[in-house]
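What follows is each chain in one-letter form.
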Amino acid sequence: METDNSKLEEQVINVTRSSMPPLDEYIEEIKPLWESHYLTNRGVKHRQLEQQLAEYLKVKNVMLYVNGHNALEGTFETMGLAGEAITTPFTFASTTHSLVRKGLTPVFVDVDPHTFTLDPAKIEAAITPRTSAIVPVHVYGNLCDVDAIQEIADKHGLKVVYDAAHAFGVEKDGVGVGNFGDASILSFHATKVFNTIEGGAVCFKDDTLGAKLSQYRNFGITGVDTVEYVGGNSKLNEFAAAMGICNLRHINDEVAKRRKVFERYLERLEGVSGIQLCHDRSGIKHTYAYMPVIFTDEFGATRDEIFDLLGQHNIFSRKYFYPLTSEFACYKGVLNPGDTPIAHWAADHVLTLPMYADLEPEHVDRICDLILGCAR
Ligand SMILES: *Cc1c(COP(=O)(O)O)cnc(C)c1O
């Protein structure tokens, strides 16, 4: 027993681990590229992946990008958004940065204490004549209150662009996450539930947006001799698309394995005083992107103490999201941080624990044993 334990102790457990298909499968997938020599610019793999994703995600329109961040920027610029955007500071740098980099002013509104997503009850007070959009985030794959947000957007004539980077494959009553709002951005970064190494996509409602999004993605080139927009370069290459095609074949297995890990954590941590967990909600198909745990003041140790303790045992968790984007040094004195006490509370108390498909139950137990050792 002792040797087993020490072996377990030595192993480093990172917060995430990229999913990869069997090597042979990937090699088969990229072989045709050595015949075609067609490596990017909407190649065969690119078009195939777009089609397969539209099916899997149950959406009409999917457009691939080199990463999720450029999908956000590309969507804002193609839609011509300007002025202010109502958004959350409890997110990854990308959401806020993409707005600022496209000339929009983020207006920070507080989040709901259970889902950590934008609180619709606080949105209307933040709307001004300059507001053009609401940019909410489906944090940890927890769906925003999409109905309430749409109602506010319709009433005030605002666009809704979701950062759905955490919500790949999430569904509400059988409706794919990419169907909400005017557009939803996905990330296929190596650390996400589904990856193309680096990659991303936008799912969008208005069919007529497609051509323009695609042109902005490719330098604003609109014809052989015409360039109508100041576009960038955000195209996904064929090797990345091939990785996506392979990973998508295994996605159901991936999610099922993540679910097992989630359930193991739940078994161990559920009902412990001072621990708050995100639960499956009825009607929601979850894909278990993260394992967030809130350590409240009733728990026997602070979030930071648990982060350190796990680290001493080679277990790497993540303060995600901390700090709030409104607190970033680059925004000090530049952006109004807003009044977001719940987002602050969440950022100070949340820890995301290791979560990936192949995380062994014994490792989950080891993590939980260490945590529970601190319980009052
Ligand atoms: C990962 C992520 C992004 C950015 O996606 P990339 O593909 O890494 O550019 C944006 N927003 C959120 C919330 C994310 O987690």
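Refer to the structure presented above.
Description of the structure in this document. (Residues numbered from 1 in each chain as written. Predicted model: local features only at pLDDT ≥ 70, side-chain atom pairs only at ≥ 80, totals over all residues. Heavy atoms only, no water.)

**Brief notes about the pairing of strand 14 (residues 291-295)**
The element strand 14 is extensively covered by neighbouring structure, given that five of its five residues are classed as buried. Pairing between strand 12 (residues 275-277) and strand 14: three bridges, direction antiparallel. Paired with Ile 275 across the two strands is Phe 295, which belongs to strand 14. Strand direction decides the pairing type here: strand 14 and strand 15 (residues 350-353), joined by four bridges, are antiparallel. Opposite Ile 294, over in strand 15, you have Val 350 as the bridge partner. (Buried < 20%, exposed > 50% of the residue type's maximum accessible area, 1.4 Å probe, protein only. Helix = DSSP H or I, 4+ residues; strand = E, 2+ residues; numbered from the N terminus. Pairing = 2+ DSSP bridges.)

**Some details on the packing of helix 5 (residues 68-79) against helix 8 (residues 209-217)**
Two numbers describe how helix 5 lies on helix 8: the axes approach to 9 Å, and their chain directions differ by 120 degrees. In terms of their interaxial angle, helix 5 and helix 8 are classed as oblique. Of the two possible hands of crossing, helix 5 and helix 8 adopt the one that is right-handed. Along its contact with helix 5, which presents Gly 74, Thr 75, Glu 77, Thr 78 and Met 79, the element helix 8 presents Leu 209, Lys 212, Leu 213 and Tyr 216. The class makeup of the residues in the contact of helix 5 with helix 8 is four nonpolar, three polar and two charged. (Axes fitted to C-alpha atoms, helices over the stretch in contact; angles between N-to-C directions. Parallel < 35°, antiparallel > 145°, perpendicular 65-115°, else oblique. Left-handed = near helix turned anticlockwise from the far one by under 90°. Contact = heavy atoms within 4.5 Å. Nonpolar A, V, L, I, M, F, W, Y, C, P; charged D, E, K, R; others polar.)

**A few points about the sheet that holds strand 7 (residues 175-176)**
Taken in spatial order, the three strands make up an open sheet running 7-6-13, and their pairing is antiparallel. Two strands bound the open sheet, and with one partner strand each, they are strand 7 and strand 13 (284-285). In the sheet, strand 6 (residues 171-172) pairs with strand 13 via two bridges, with the strands oriented antiparallel. Directly across from Glu 171, in strand 13, lies its bridge partner Lys 285.

**With respect to the pattern of salt bridges**
All told, the structure shown has 24 salt bridges when counted by the stated rule. Among the salt bridges present, the one from Arg 249 reaches Glu 29, with a minimum N-O distance of 2.6 Å. Here Glu 29 lies in helix 2 (residues 23-30) and Arg 249 lies in helix 9 (residues 238-249), a separation of 220 residues in the sequence. Overall, the relative accessible area of 8% leaves Glu 29 in the buried class. Among the ionic pairs, Glu 263 bridges to Arg 259, the shortest N-O distance being 2.9 Å. Taken together, the residues Glu 263 and Arg 259, both in helix 10 (residues 251-269) and four residues apart, mark about one turn of the helix. Glu 263 sits in the partly exposed class, given a relative accessible area of 34%. What makes Arg 259 partly exposed here is its relative accessible area of 37%. Here the salt bridges share partners, and the residues they tie into one network are Glu 25, Glu 29, Lys 45 and Arg 249. (Salt bridge = Lys/Arg side-chain N within 4 Å of Asp/Glu carboxyl O.)

**Quick notes on the pairing of strand 4 (residues 131-135)**
A regular strand places its side chains so that they alternate between the two faces of the sheet. Buried residues dominate strand 4, accounting for five of its five residues. Pairing of strand 2 (residues 84-87) with strand 4 involves four bridges; the strand directions are parallel. Pairing of Ala 85 across the sheet is with Ala 133, part of strand 4. With two bridges joining them, strand 4 and strand 5 (residues 159-163) adopt parallel strand pairing.

**A word on unusual backbone geometry**
With omega at 15 degrees, the peptide bond leading from Tyr 320 into Phe 321 counts as cis. Within the secondary structure layout, Phe 321 lies in the loop between helix 11 (303-312) and helix 12 (341-349). A positive phi angle, close to 55 degrees, is found at His 37, a residue other than glycine. Mapped onto the secondary structure, His 37 falls in the loop between helix 3 (33-36) and helix 4 (44-57). Assessed through its relative accessible area of 63%, His 37 is described here as exposed.

**Side note on the sheet that holds strand 2**
If you walk across this open sheet you meet the seven strands as 1-9-8-5-4-2-3, and the pairing is mixed. Edge positions in the sheet fall to strand 1 (62-65) and strand 3 (105-108), since each has one partner strand and no second. Averaged over all neighbouring strand pairs, the angle between strand axes comes to 25 degrees, with direction disregarded. The pairing of strand 8 (residues 183-187) with strand 9 (residues 200-204) spans five bridges and is classified as antiparallel. Considered in strand 9, the bridge of Ser 187 is made with Gly 200. Across the face of the sheet, helix 8 comes into contact with strand 1 and strand 9 while running at roughly 5 degrees to strand 1.

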